[in-house]
Amino acid sequence: MTTTPSIAIIGGGWSGCTAARLLLDQGYRVHLYERDQQLGGHSRSEVLGGVVFEPNGPHIFHTSNTAVAEFVQHYGMRRAFAHSVLTEIFLDDEEEPRYLSWPPQVDEMRELPMWGRIEKELANLPETPSTANFQAYSESIMGSTLYDLFVRDYTIKQWGRQPAELSADFAPKRLDLRTDGNRRLFRDTWEFYPERGFQEIIERIAQPVPVTVGATLDHTDLEDLAREHQAVVVTAALDDFAGQPDALEWRGIRTVSRYVPVDDPAATLTPGYQVNRPSLRRPYTRTIETKHATGQRIGATVVSEEYPGAPYRHYPVPTVDSRYEKLNVSLQESIRENAPLPVFYCGRLANYVYINQDEAIAQAMACADEVHAFFEG
């Protein structure tokens, strides 16, 4: 490089902060622009009355990617954690709920009054799961009874659609039926949860990067950015960035968080960190009590309830025909073609994908390599 290129990074979540730090460490000038008043994006953690909680739902770091694991450990993410999930189940003739493991454990199902029916369904499962749609996949790996108990109503609440309208593409990452007694949700090599949440890790990664917060940028700002920068990395949602806010369908979550004083510093209020609430008796999909994960000893706790259907860009909607994924690719191409400087994309929002934190970091790593290759020729 004869002169040092300057790279604008739009969006300060995992992908944006990671790409910014990697490029900075490679010798590029970098400036990160974040719409909110703090970094962290969807994965950020906050503090209420001294209690760490997650305003956007549970985020547990897990990966089998060695490069990603080494990257986050370098910035202090080393506290081991084993995430297990409970599901609140209401049976038709019972007033009180039961709490069962998620994914379903076959041994626990033997205690249910409909075990005979479940057992027959499990004996007749197809050898290969169906990929026709989300419902078909679910029923083909656990049968219709467990699907009805654990998956159907949760999916309807979460996505605002019938499960048969959703793609099966993301189902293998989210659905399972266990026979091995392993109650950890994830099977990855590394799993971490920082004592103070993910905010401090993300901010540590971005610490030497120049940042502007409160910066709402879109495609009309590319001309101005081109006067100062030689390339831009976009991690923002592209329908918004392209000035077409209704082009892509997103599913947003409204979180209601309740701070509750407790007498015992170790006390919690719910049975677990994450409790899925699939029943239509509950208007929310799950409760999150982050204190279970942090292990904080403090005279209070925060319980968050997640209500789907809010006007936020949290989750892409994976339809059977992949219509929005295809449209997002078109938006990427259109923005690039009309931009006065090279444009690169990474992350959940810009790529319209349903991914975990480690995958967002891996995308940022690949994006930083792509930017470097572009300038090195």
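For the structure, see preceding data.
Residues numbered from 1 in each chain as written. Predicted model: local features only at pLDDT ≥ 70, side-chain atom pairs only at ≥ 80, totals over all residues. Heavy atoms only, no water.

K.L.:
Sorry, what's going on with the overall build of the protein chain here?
P.N.:
Broken down by element type, the protein chain carries 12 helices and 15 strands. A globule of 377 residues ought to have a C-alpha radius of gyration of about 21 Å, and the protein chain, at 22 Å, matches this closely. Sequence separation of at least 24 residues holds for 72% of the intrachain contacts in the protein chain that already meet a minimum separation of 6. When the accessible surface of the protein chain is split by element, carbon and sulfur atoms take 46% of a total near 16,600 Å². A gap of 4 Å separates the mean positions of the 36 positive and 53 negative side-chain charges of the protein chain. (Helix = DSSP H or I, 4+ residues; strand = E, 2+ residues; numbered from the N terminus. Rg over C-alpha atoms; globule rule 2.2 N^0.38 Å. Contact = heavy atoms within 4.5 Å. Areas by Shrake-Rupley, 256 points an atom, 1.4 Å probe, with all protein chains shown as cover. Lys, Arg positive; Asp, Glu negative; His and termini not counted. Charge placed at Lys NZ, Arg CZ, Asp CG, Glu CD.)

K.L.:
Just to check I follow, could you spell out the pairing of strand 1 (residues 6-10) for this structure?
P.N.:
Taking burial as the measure, the five residues of strand 1 include five buried ones, the bulk of the element. The alternating pattern of strand 1 places Ser6, Ala8 and Ile10 and Ile7 and Ile9 on opposite faces, both of which are buried. Here five bridges tie strand 1 to strand 2 (residues 29-34), and the two strands are oriented parallel to one another. Paired with Ala8 across the strands is His31, a residue of strand 2. Once you follow strand 1 into helix 1 (residues 14-25) and on to strand 2, the crossover reads as right-handed. Sheet topology note: the strand 1/strand 10 (residues 231-234) ladder contains four bridges and is parallel. The residue of strand 10 that forms the bridge with Ile10 is Val234. (Buried < 20%, exposed > 50% of the residue type's maximum accessible area, 1.4 Å probe, protein only. Pairing = 2+ DSSP bridges. Right-handed = clockwise from strand over helix to strand, strands pointing away.)

K.L.:
Looking at this structure, I do not really get the packing of aromatic side chains. What am I missing?
P.N.:
Two aromatic rings, taken as a pair, are described by how far apart their centres are and by the angle between their planes. Inspection of every chain in the model, using the stated rule, returns 20 aromatic pairs. Centroid distance Phe81 to Tyr193: 5.7 Å. Interplanar angle 55°. Geometry classified as tilted. Placement of the pair is Phe81 in the loop between helix 2 (66-74) and strand 6 (85-89) and Tyr193 in the loop between strand 8 (190-192) and helix 7 (199-206), with a sequence separation of 112 residues. Assessed through its relative accessible area of 15%, Phe81 is described here as buried. Pairwise contacts between aromatic rings join Trp14, Phe61, Phe81, Tyr193, Phe198 and Tyr273 into one cluster. The positively charged end of Arg174 is found above the aromatic ring belonging to Tyr354, 4.4 Å away from the centroid. The ring of Tyr307 has Arg254 sitting right over it, with the charged end atom 4.7 Å from the ring centre. (Phe/Tyr/Trp six-rings, centres within 6.5 Å; stacked < 30°, edge-to-face > 60°. Lys NZ or Arg CZ within 6 Å of the ring centre and 35° of its normal.)

K.L.:
For this particular structure, what's the right way to read the sheet that holds strand 10?
P.N.:
Pairing between the strands of a sheet is mediated by backbone hydrogen bonds and can be parallel or antiparallel. Pairing is parallel in the open sheet, where five strands are placed in the order 9-2-1-10-15. With one partner strand each, in any of the chains shown, strand 9 (211-213) and strand 15 (343-345) form the two edges of the open sheet. The average angle at which neighbouring strand axes cross in this sheet is 20°, direction not considered. Contacting strand 1 and strand 2, helix 1 crosses the sheet at an angle of about 165° to strand 2. (Axes fitted to C-alpha atoms, helices over the stretch in contact; angles between N-to-C directions.)

K.L.:
Looking at this structure, I do not really get unusual backbone geometry. What am I missing?
P.N.:
Only a minority of non-glycine residues have a phi that is not negative, and only a minority of peptide bonds are not trans. Each neighbour pair has its own omega, and for Trp102 with Pro103 the value is 0°, a cis peptide bond. Relative to the elements of secondary structure, Pro103 occurs in the loop between strand 7 (98-102) and helix 3 (106-109). Positioned with a positive phi, Ser322 is a non-glycine residue whose angle comes to about 55°. Turning to its location among the elements, Ser322 is positioned in the loop between strand 14 (300-316) and helix 11 (323-338).

K.L.:
What should I look at first to understand the layout of surface pockets in this one?
P.N.:
It is the rolling of a water-molecule-sized probe over the atoms that shows where space remains empty. The calculated volume of the second largest pocket comes to roughly 390 Å³. When residues of the lining of the second largest pocket are traced back to their parent elements, those giving at least two are strand 6 and helix 5 (134-159). No other element matches helix 5, which puts six residues into the lining of the second largest pocket. Considering only residue class, the lining of the second largest pocket consists of eight nonpolar, three polar and eight charged. (1 Å grid on protein atoms, 1.4 Å probe; cavity = no way out; pocket = protein on both sides within 12 Å on 5 of 7 lines; lining within 4 Å. Points joined across faces, edges and corners; volume = space filled by probe spheres on them. Nonpolar A, V, L, I, M, F, W, Y, C, P; charged D, E, K, R; others polar.)

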